[in-house]
Amino acid sequence: MLTLFQRLEAWFLRRSAILSHPRAPYYAALIVPLLLGLQSLLLGQDDGWDMRNYHLYNPYALLNGRLAIDFSPAGFQSYFNPLLDLPYYLLTRYAPAPLAGFVFGCLHGLNFIPLSMMARQLLPGRQRVALLLALAGCLGAGFLSELGNSMGDNLTALPLLWALALLLRHGAAASVRILLLAGLLMGAAAGLKLTNINYAVALCLALLVWPQAWWRRIGQAWWFGVGVLAGLATTAGYWWATMWRLYGNPLFPQFNDIFRSPLAAPLGVLDTDHLPRTLTEALFWPFIFTRDIARIAEVPLRQLIWPLLMLLLVAYAVRLLWCRYRTVSVTAAQTAPDMAGLPAARVLLVFVLLAYLIWLKLFSIYRYLVPLELLAPLLIWLLCHALMPAARAQRWAGWALAVCVLYTLPFVTWGHGGWTAQAFRAEAPQLAQPQASVVYMVRTPMAWLTRFFQPEVAFMAIGSGFPESPAYLQRLQAQAAARTGQHYVMLPAAVNIRQSGAERKLALARALGLTASAADCARLDGWLRKVRFQVEVQALAAEDVAASGQACTLVLQPQYRLDLAAEDAALQAEVQGHLAHYGLTLQPAGCRNYPAYVGTEAHPYRLCPVQRLP
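Quick caveat, the model's predicted, so the values are computed rather than measured.

Participant: I tried to follow the overall build of the chain on my own but got confused; where do I start?
Facilitator: A count of helical and extended segments in the chain gives 26 helices and 13 strands. If one aligns the C-alpha atoms of the chain with their principal axes, the spans along those axes are about 90 × 70 × 45 Å. Counting the 614 residues in the chain, one finds 51% classified as buried. Counting only contacts in the chain whose residues sit at least 6 apart along the sequence, the fraction spanning at least 24 positions is 72%. Per element, the accessible surface of the chain, about 28,500 Å² overall, is 64% carbon and sulfur.

And the structure:
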């Protein structure tokens, strides 16, 4: 009698048999990106913190010459290379928001193509398995959390994986042209997002593993490195030159402990909060961050693939050492799991290992692991087959990867709102003297709002995390003093994030006809007392009933209501003390609230006039 697992395996093999069709890779290369584009539509409008902070502001500043007007309204991220964010900015500015979300989901889904190419090369004759492994790579927690959004890790993974696929395909026989092209792609990815530089270093070193003469290994690494430099120059050269010309630091304000620009404190400005604290933690890091994902991510990602991969790598290393350095039989020596027949697999293994170790030392931030997460299922399959007989390896790897994929569900993201035709909306006052006005920003992320103001208005961040130096403050104060019009401070206005949920529930209740009469309202009240959806029924006054044709409405339960006016007043009092450090004082009587939206999500802001202290 077949066991449950055997029946499930047989069912899955029947259902996936179509993937063995000769044209399946071509159909999959079209269908998978389209499906991921549709998934991006289901997720909704990107409403992440980074997007509201600098992913919109930086390309806006680039296209509108804001470097000469503003001072770091998005903190130190104001000076990141804006080229990566330009496509998202242009799409959301000039195309319907859902179309932009779909296009970016499809672009991210294109990672499936180089993944499937590498898998089919390393698993000849196993096309179905190769396609499934590529699909499993696209179902990782980190990749899905950024699907369709503007953070850039999924997008820059695309040229990175193509570089790796090119080199694995051509192997030790790769020509100078192929090496330069692969380097160009890898360098372009690193130039667009500098956190990809560890992958360039890792792949350059991994090329030394090819089984060929040492001088050819050095030559391949050399030409690849030349391509990387060309790629860096292509996507980041202009921006680095601009930063050097304006601020004396091509990576301003980062690494200012090296470049010593007078306009920033001599600090590295690197995020070290996520790094392992001890050597023991570093050794067991995948197990530690899987148990407590907050150590390396700001959202509660669910993943099991990294502990599994580490266990297999350790087992592979132990068995390899045993077979090579212990007295073993001839048969054992011949079957030592050194992947000798798969030099491309060895290069992949070394690349992943080196990239992980560099990531561990420099960043230890999960979203920077997306390229390796995409490759992890393929590597797990290869390691299982290096450690076990083929039949057992297939079963163990298949079930382990299935569990890893299912464990990520339901996956979390970095923030989304509902779709509207226009991605970003905000009201802004028409200032009487915009060319003489300044808006100070003391909270992030608010830089996305700058584009809704008159273009002559200057935005200056104070105390927002930028590594200010005396020279920076002197220049900021001089430019602010030259603007003799009214100055303001921009603050986030208090908002109850549960209110939008209550409004959606009210809309659903009205659509179902549950608020039209007193009897309907009583029935709805009875249901809500059982399920407790954070809302309760409130009867409408007679005049409201006549005006709306509804007998009741839904409001938040008392424990979920907030005193927004009191929260605004508390924030103003806190900021008042902060402004005094810069010789400014806030005038509460002049504060005004303005609506702003990312999709359907409200992000209102408060604009208050300020004066210079005597």
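The rest of the description comes next.
Participant: Would you mind showing me how to read helix 5 (residues 86-94) here?
Facilitator: In an α-helix, one turn spans 3.6 residues, which is why side chains three or four residues apart end up on the same side. Listing the buried residues of helix 5 in full gives Leu 86, Tyr 88, Tyr 89 and Thr 92. Projection of helix 5 onto a plane perpendicular to its axis shows the buried side chains occupying an angular sector of 165°, all on one side. Next to the buried residues of helix 5 lie strand 1 (45-46), helix 3 (49-55), helix 4 (57-63), helix 6 (97-109) and strand 3 (424-426).

Participant: How do you make sense of the state of the cysteines when you look at a structure like this?
Facilitator: By definition, a disulfide links the sulfur atoms of two cysteines through a covalent bond. Taken as a whole and assessed by the stated rule, the structure comprises two disulfides. Cys 521 shares a disulfide with Cys 552; S-S distance 2.0 Å. In this structure the cystine formed by Cys 521 and Cys 552 twists about its S-S bond by roughly -95°; its chirality is therefore left-handed. Note that Cys 521 is positioned in helix 24 (residues 518-531) and Cys 552 in strand 8 (residues 552-556), a separation of 31 residues in sequence. By relative accessible area, Cys 552 is classed as buried at 1%. Across the disulfide, Cys 591 is cross-linked to Cys 608 (sulfur-sulfur distance 2.0 Å).

Participant: Would you take a moment to explain the packing of aromatic side chains for this structure?
Facilitator: How two aromatic rings sit relative to each other is given by the distance of their centres and the angle of their planes. Within the structure shown, the criterion is met by 23 aromatic pairs. For the pair Phe 71 and Tyr 472, a centre-to-centre distance of 5.6 Å together with 80° between the ring planes defines the contact as edge-to-face. Of this pair, Phe 71 sits in the loop between helix 4 and helix 5 while Tyr 472 sits in helix 22 (residues 470-481), placing them 401 residues apart in sequence. This pair shows no difference in class: Phe 71 is buried, exactly as Tyr 472 is. Here Trp 448 and Phe 452 contribute two aromatic rings whose centre-to-centre distance is 6.1 Å and whose plane-to-plane angle is 85°, an arrangement assigned as edge-to-face. The buried category is assigned to Trp 448, whose relative accessible area is 3%. Following the ring pairs from residue to residue traces out a cluster consisting of Phe 71, Tyr 79, Tyr 247, Phe 252, Phe 466 and Tyr 472.

The rules behind the values
What you see as residue numbers is a count from 1 along each chain, following the sequence as written. Reporting in this predicted model follows two pLDDT cut-offs: at least 70 for local features of residues, and 80 or more for side-chain atom pairs to be given and counted; totals over whole chains, interfaces and linings ignore these cut-offs and use all residues. To get the side-chain values, take all heavy atoms of the structure and skip hydrogens and water. Only runs of H or I of at least four residues qualify as helices and only runs of E of at least two qualify as strands under DSSP, and these elements are numbered from the N terminus. Throughout, exposure labels follow a simple rule: accessible area from a 1.4 Å probe, protein chains only, divided by the maximum for the residue type, with under 20% read as buried, over 50% as exposed, and the rest as partly exposed. Here, two residues are considered to be in contact whenever any of their heavy atoms come within 4.5 Å of each other. Using the Shrake-Rupley algorithm and a 1.4 Å probe, accessible areas are obtained, with residue cover drawn only from the displayed protein chains. This arc is built from the directions going out from the helix axis to the C-beta atoms. A pair of cysteine sulfur atoms is labelled a disulfide when the two atoms are within 2.5 Å. Aromatic rings from Phe, Tyr and Trp, taking only the six-membered ring of Trp, are treated as a pair when their centres fall within 6.5 Å; an angle between ring planes under 30 degrees marks them as stacked, one over 60 as edge-to-face, and anything in between as tilted.

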